[in-house]
Amino acid sequence: MANSGLQILGFALSLIGLIGLIIGTILPQWKMSSYAGDNIITAIAMYEGLWMSCAFQSTGQIQCKVYDSILQLSGPLQATRALMIVSIIVLVAGLGAACMGMKCTNCGGDDKVRKSRIAMAAGIIILIGSLCAIVACSWYAHDIIQAFYNPFTPVNTKYEFGSAIFIAWAGSFLAIVGGGMLAASCPREKSTPKYPISRPPSSKEYV
């Protein structure tokens, strides 16, 4: 059977990863205005996220605007939003299943083999959800890099990676490690010792 300490550590890492994904999804700093090259540093820093765009002024004022229409958004942004939402939902489902399958809980009954199988299935679910988040972050990052090195992109509209995408990346990798620990709860069947079959003495032995 898997060690209960390994399951607790995997659950904790997955939970921290889920919190990181939620924070990263909400924050608007997925990409920030770039000051590389000949771009002039201004008093306003522009940030864009999955749900809104914000302007941070040097005086400390923040002005944010939620995206008006989904149809006006770019394809990578729409795909990133969908994958991040799916990732969070799948991780919540995986953590719920992990609560039933962990050895330190009584939710899944007293059958240890069954609880280990539930924990293993929960780990696989968490792995799937974290992979969706990694794909979403990598897709969005590829779009930022492609626009940054595009010679036809105006200098004032170039963006770099923001802090939110790093938070989402870190959360997804933590969830992968935690899901892998829970998936290692594969039950091992106990090998039954094989004894020689004893036969009753035949009648010839008494003669």
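Residues numbered from 1 in each chain as written. Predicted model: local features only at pLDDT ≥ 70, side-chain atom pairs only at ≥ 80, totals over all residues. Heavy atoms only, no water.

**Student:** Which residues make up the environment of Ile19, and what values do they have?
**Tutor:** By the secondary structure assignment, Ile19 is in helix 1 (residues 4–26). Along the primary structure Ile19 and Ser172 are separated by 153 residues, whereas in three dimensions their C-alpha atoms are 9.9 Å apart. (Helix = DSSP H or I, 4+ residues; strand = E, 2+ residues; numbered from the N terminus.)

**Student:** Residue-level account of the pattern of salt bridges, with values.
**Tutor:** Inspection of every chain in the model, using the stated rule, returns 2 salt bridges. Where Lys65 meets Asp68, a salt bridge forms, and the shortest distance between an N and an O atom there is 3.8 Å. Judged by relative accessible area, Asp68 falls into the exposed class, the value being 62%. (Salt bridge = Lys/Arg side-chain N within 4 Å of Asp/Glu carboxyl O. Buried < 20%, exposed > 50% of the residue type's maximum accessible area, 1.4 Å probe, protein only.)

**Student:** Mind laying out the sheet that holds strand 2 (residues 44–48), listing which residues take part and the relevant values?
**Tutor:** Pairing within the open sheet is antiparallel, and its 5 strands lie in the order 4-3-2-1-5. The strands lining the two open edges of the sheet, one partner per strand, are strand 4 (62–66) and strand 5 (159–161). On average, each strand axis in the sheet is tilted by 25° relative to the strand beside it, whichever way the strands run. Bridge count between strand 3 (residues 52–57) and strand 4: 5 bridges; the pairing is antiparallel. Across the sheet, Ser53 pairs through a bridge with Lys65, a residue of strand 4. On top of the sheet, helix 3 (residues 112–148) reaches strand 1 (31–33), strand 2 and strand 5; it is set at about 145° to strand 5, its chief contact. (Pairing = 2+ DSSP bridges. Axes fitted to C-alpha atoms, helices over the stretch in contact; angles between N-to-C directions. Contact = heavy atoms within 4.5 Å.)

**Student:** Break down the packing of aromatic side chains for me, citing the residues and quoting the values.
**Tutor:** One pass over the full model with this rule turns up 6 aromatic pairs. Ring geometry for Tyr47 against Phe56: centres 4.8 Å apart, planes inclined by 80°, an arrangement best described as edge-to-face. A relative accessible area of 17% means that Tyr47 is categorised as buried. Judged by relative accessible area, which is 21%, Phe56 ranks as partly exposed. When the ring of Phe161 is compared with that of Phe166, the centres are 6.0 Å apart and the planes differ by 75°; the resulting orientation is edge-to-face. For Phe166, a relative accessible area of 45% translates into the label partly exposed. Among the aromatic residues, those joined into a ring-pair cluster are Phe161, Phe166 and Trp169. Between the NZ or CZ atom of Lys31 and the centre of the ring of Tyr159, over which it lies, the distance is 4.9 Å. Its guanidinium or amino end placed over the ring of Phe148, Lys158 lies 5.4 Å from that ring's centre, counting from NZ or CZ. (Phe/Tyr/Trp six-rings, centres within 6.5 Å; stacked < 30°, edge-to-face > 60°. Lys NZ or Arg CZ within 6 Å of the ring centre and 35° of its normal.)

**Student:** Kindly report on the nonpolar core, identifying the contributing residues and their values.
**Tutor:** Judged by nonpolar contacts, the single largest core of 28 residues is most densely connected at Leu21, Trp30, Met84, Cys137, Tyr140 and Ile165. Elements with a minimum of two residues in this core: helix 1, helix 2 (75–101), helix 3 and helix 4 (163–183). With 8 residues, the top contributor of residues to this core is helix 3. Not counting residues within four places of it along the chain, the set of residues in contact with Tyr140 comprises Trp30, Lys31, Glu48, Gly49, Leu50, Leu77, Thr80 and Ile165. (Core = buried A, V, L, I, M, F, W, Y, C linked by side-chain atoms within 4.5 Å.)

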